[in-house]
Amino acid sequence: MRIEPLGDSALIVRVEDEFRAETSLNAVLAALRSLERAAIPGVIELAPAYTTIGVFFDPARIEPAGPDDSPFETLGTKIQSILDASAFEKRSEIEPPLHEIPVCYHGEFAFDLAEVAQRAGLTEAEVVRRYGEAVYRVTCVGFTPGFPYLSGLPAELATPRRVTPRKEIAAGSVAIGGAQTGIYSVKSPGGWNVIGRTPLRLFDMQRERPALLRTGDTVRFRGISREEFESLAR
Amino acid sequence: MKVSVVSAGFFTSVQDLGRVGFRQSGISVGGALDPHAMRVANALIGNEDNAAGLEATMGNLRLRFEDQRIVAWCGGAFTVRIGRADLPPGHAGLVAQGEELMLSAPKTGSRAWLAISGGIDVPSVLGSRSTDFRGNFGGHQGRTLRDGDTLPLGESSVSPGRVAEMFGDRKIAEWTALSSWITTAQRARFLRVLPAPDWSLFTPEAQAALISQPFTVMLDSDRMGARLDGPDLERADASDLLSEAVAPGTLQVPPNGKPILLLGDCQTVGGYPKIAQVITVDLSIAAQLWPGDQVRFHEISLGEAQFLVREREEDFARFRVGLSLHKS
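Analysis parameters
Residues numbered from 1 in each chain as written. Chains lettered and ligands numbered in written order. Predicted model: local features only at pLDDT ≥ 70, side-chain atom pairs only at ≥ 80, totals over all residues. Helix = DSSP H or I, 4+ residues; strand = E, 2+ residues; numbered from the N terminus. Buried ≥ 20, exposed ≤ 12 C-beta atoms within 10 Å, placed from the backbone. Contact = placed C-beta atoms within 7 Å. Nonpolar A, V, L, I, M, F, W, Y, C, P; charged D, E, K, R; others polar. Axes fitted to C-alpha atoms, helices over the stretch in contact; angles between N-to-C directions. Parallel < 35°, antiparallel > 145°, perpendicular 65-115°, else oblique. Left-handed = near helix turned anticlockwise from the far one by under 90°. pLDDT = per-residue confidence, 0-100. Expected span 1.5 Å × (residues − 1). Pairing = 2+ DSSP bridges.

**Regarding the overall build of chain A**
Here's step 1: A count of helical and extended segments in chain A gives five helices and 13 strands.
Here's step 2: Scored against the burial criterion, the 234 residues of chain A give a buried share of 46%.
Here's step 3: In chain A, the share of contacts with a sequence separation of at least 24, taken over all contacts with a separation of at least 6, comes to 60%.

Below you can see the structure in the form of structure tokens.
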């Protein structure tokens, strides 16, 4: 584990050296929970992604431990000792929530399904079948509010981003970008290959936690008909 | 209890000090691009630090007030008038019922923050009244202001008797704040930086160029970031990086070698390498950048940068105490 400053008011905790879907995310989640529980004075918020946790803090609210210490050193030492002390907790105890996301692959929503199928040398139905069999994990949330980046895409379905991004992609669009997949959370421009759409709201400010998915969560996709899409969207 | 937008100007939005605590949902902090200027303007008129005000980009803003209010502004080199009186930056001014405030286009700089006593009373969304342009929520209907909009104002905490004490027969109060806080566009466009986590991935030439060469702000810059033109910042190692946390002030470098200086509306995570990070107190200068401006970077130490934040907090606390003495 390494801790590096990102300017004077943030630092990055590198929990793992390399990304391995299951173990890295579980290690990051365990570290995130330890730091949340510790509620260190002066720490404003925590932002996990892949192998790291961004820690945002107010340097004016962190009292240096010694005359030669900076707030960064003091906070870094504190974080290190919290994570060392919690390293004995069993990471296997982490059981991230599993979300089942209904997706309609109807031609009206699946602009790029044919392209993905062609590149993979598969039929569209086979792409949909393989996409739906895989289990995914949220590696980070960003791009737009509530947009989940997902790992776990079957390698044969990887498709390069479109050369020219679309100016507008509807909220709920399920898409493949390189080796990753994700779900457009709000209407936005984007360059990923859209293969379907979910009626679920990935981002809703009326909810206490506006983003449906969090870093570390597990996701599966379930194919639905056009009719089911309409009834769920209501 | 309302203010009418006679002319909304180029790009004006409701902002406070930002939306904190939702990075895990991918929500930017946003808020005033120079949060320090916003809180200084608020402090000058007796508002809480986090009261919502207006961020006016390139000016041309005209407001008409339904009732008597105290206002103050900080930022670029704008001309602001209340009726026919000049309101200099960093001074409280009294706006009478039915009177107009006019904020011209700036001579230098690009943004101004206007505080109004009582604050702009739009609904608080996820703990903030700031406008989020990535999710189109918060602020006034999640968008920039338009001509003819009406904004609700909060109850002004300053009583009429207090107003008489503060202003007497003047329209503009005498007290003010440090000039470096209120006229940020007049400072030299030198941004102090710290090496960021991916500094060592760049060639020695790129590292040297960053801190010795000028960069020019490009046209497609916005509240998310200022795109910079200058020497190509090449990487010694071009491996793909995993996305991780970024922050306002991060200088990230896409494959074309042209750095982007991230500002308040930036994404919460980014996958481009981060060569350097602008120090917190210099975000006030970064928030004034406009296409065509030249900017230079200067490296300092982490210890100095953290000292500067602490020093500014102490100065601001003293400033608040001083203001409360003025008014008593």
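**Side note on the interface of chain B and chain A**
Here's step 1: On the side of chain A, 40 residues touch chain B, which itself brings 35 residues to the contact.
Here's step 2: Taken together, the elements giving at least two residues each to the side of chain B that touches chain A come down to β15 (244-245) and α6 (302-327) of chain B.
Here's step 3: Ranked by residue count, the leading element in the side of chain B that touches chain A is α6 of chain B, at seven residues.
Here's step 4: Taken together, the residues of the side of chain B that touches chain A sort by class into 17 nonpolar, 13 polar and five charged.

**Quick look at the packing of helix α1 (residues 21-38) of chain A against helix α2 (residues 71-86) of chain A**
Residue and element names in this part refer to chain A.
Here's step 1: It is the contact of α1 with α2, at a shortest axis distance of 10 Å, that shows an interaxial angle of 120°. Accordingly, the angle class assigned to the pair α1 and α2 is oblique. Our pair here, α1 against α2, has a crossing hand that is right-handed. Between α1 and α2, the residues in contact are Ala-31, Ser-34, Leu-35 and Ala-38 and Ile-79, Ile-82, Leu-83 and Ser-86, respectively.
Here's step 2: Of the residues assigned to the contact of α1 with α2, the class counts are six nonpolar, two polar and no charged.

**Some words on the confidence of the model for chain B**
Here's step 1: For chain B, per-residue confidence averages 94 on the pLDDT scale, and residues scoring 70 or more make up 98% of the total.
Here's step 2: Our summary of model confidence lists the complex with pTM equal to 0.94 and ipTM equal to 0.95.

**What to know about α1 of chain A**
Residues and elements named next belong to chain A.
Here's step 1: For α1, spanning 18 residues, the distance from its first C-alpha to its last is 26 Å, which sits close to the expected 26 Å at 1.5 Å a residue.
Here's step 2: Considered for burial, the residues of α1 that qualify are Ser-24, Leu-25, Asn-26, Val-28, Leu-29, Ala-30, Ala-31, Leu-32 and Leu-35.
Here's step 3: Close packing links the buried residues of α1 with β2 (10-14), β3 (43-49), β4 (52-57), α2 and β6 (136-142).

**Description of the sheet that holds strand β20 (residues 294-299) of chain B**
Residue and element names in this part refer to chain B.
Here's step 1: The sheet built from seven strands closes into a barrel, its strands ordered β12-β19-β16-β17-β14-β13-β20 with mixed pairing. Taken over all neighbouring pairs, the strand axes of this sheet differ in orientation by 40° on average, direction set aside.
Here's step 2: The pairing of strand β13 (residues 215-217) with β20 spans two bridges and is classified as antiparallel. Bridge pairing in β20 links Thr-216 to Gln-294.
Here's step 3: Here helix α4 (residues 204-212) sits on the sheet in contact with β19 (274-278) and β20, set at roughly 115° to β20.

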